[in-house]
Amino acid sequence: MSSTIFISIIVGLIVILLLVGAPVKPMKYIGQATIKLGIGMLFLFFINVFGGAIGLHIPINLFTVFVSGFLGVFGIGSLAAIHLFVL
């Protein structure tokens, strides 16, 4: 599939979505989940930057982003404790 066909399909789907409208409730939940995952990634990045001085490195992967995003500070604390005490 060439790139022009792919881009035209994506643009067509966006136009259809704008004309028909997206269901509000699922889009609200998807948006909230995306924001939480983004905040989780930022938490992990800053923990890795500032925790490097004490030897704390938590890998940024899908599982750790979910834990830190949805559990917040307690998720970061639990990941750090697992890294320091178990691993």
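Definitions and limits used
- Residues numbered from 1 in each chain as written.
- Predicted model: local features only at pLDDT ≥ 70, side-chain atom pairs only at ≥ 80, totals over all residues.
- Heavy atoms only, no water.
- Phe/Tyr/Trp six-rings, centres within 6.5 Å; stacked < 30°, edge-to-face > 60°.
- Core = buried A, V, L, I, M, F, W, Y, C linked by side-chain atoms within 4.5 Å.
- Buried < 20%, exposed > 50% of the residue type's maximum accessible area, 1.4 Å probe, protein only.
- Helix = DSSP H or I, 4+ residues; strand = E, 2+ residues; numbered from the N terminus.
- Contact = heavy atoms within 4.5 Å.
- Axes fitted to C-alpha atoms, helices over the stretch in contact; angles between N-to-C directions.
- Parallel < 35°, antiparallel > 145°, perpendicular 65-115°, else oblique.
- Expected span 1.5 Å × (residues − 1).
- Nonpolar A, V, L, I, M, F, W, Y, C, P; charged D, E, K, R; others polar.
- pLDDT = per-residue confidence, 0-100.
- Polar contact = N/O pair within 3.5 Å; in protein donor to acceptor, adjacent residues only side chain to side chain.

**Here's the deal with the packing of aromatic side chains**
Tallied over the full model, the rule gives three aromatic pairs. Each residue in the set Phe45, Phe46 and Phe50 is aromatic and connected to the rest through ring pairs, giving one cluster.

**Some words on the nonpolar core**
If you look at the biggest cluster of nonpolar residues, it comprises eight residues: Leu44, Leu56, Ile58, Val65, Val67, Ile76, Leu79 and Ala80. Top element by residues in this core is helix α4 (residues 73–86). It accounts for three residues. With residues up to four places along the chain from it excluded, the contact list for Val65 reads Leu37, Gly40, Met41, Leu44 and Ile60.

**Comments concerning the packing of helix α2 (residues 24–51) against helix α3 (residues 62–71)**
Orientation of α2 relative to α3, taken along the N-to-C sense of each, is 110°, at an axis distance of 7 Å. When the interaxial angle is binned, α2 and α3 end up roughly perpendicular. Contacts between α2 and α3 involve Ala33, Lys36, Leu37, Gly40, Met41, Phe43 and Leu44 on the former and, on the latter, Thr64, Val65, Phe66, Ser68, Gly69 and Phe70.

**Here we look at helix α1 (residues 3–20)**
Taking 1.5 Å per residue as the helical rise, α1 with its 18 residues ought to reach 26 Å, and the 26 Å between its terminal C-alpha atoms agrees with that figure. One or two residues past the end of α1 sits Gly21, with phi positive at roughly 100°.

**Let's talk about the side chain of Ser68**
Along the polypeptide, Ser68 turns up in helix α3. Relative accessible area serves as the criterion here: at 1%, Ser68 is assigned to the buried category. The contacts of Ser68, once residues within four sequence positions are left out, are Gly40, Phe43, Leu44, Ile76 and Leu79.

**What about the packing of α3 against α4?**
Running from N to C, α3 and α4 point in directions that differ by 140°, and their axes come no closer than 5 Å. Between α3 and α4, the angle is such that the two are oblique. Along the contact surface, α3 presents Thr64, Val67, Ser68 and Leu71, while α4 presents Val73, Phe74, Gly75, Ile76, Ser78 and Leu79. Among the residues making up the contact of α3 with α4, the classes are represented as six nonpolar, four polar and no charged.

**A word on the confidence of the model for the protein chain**
Looking at the protein chain, the pLDDT average stands at 87 and 98% of residues meet or exceed 70. By mean pLDDT, the top-scoring element of the protein chain is α3 (91), and the lowest-scoring one is α1 (85).

**Observations regarding the side chain of Thr64**
For Thr64, the position within the fold is in helix α3. For Thr64, a relative accessible area of 6% puts it in the buried group. At 2.8 Å, the side chain of Thr64 forms a polar contact with the backbone oxygen of Pro59. Not counting chain neighbours up to four residues away, the residues in contact with Thr64 comprise Leu44, Ile58, Pro59 and Leu79.

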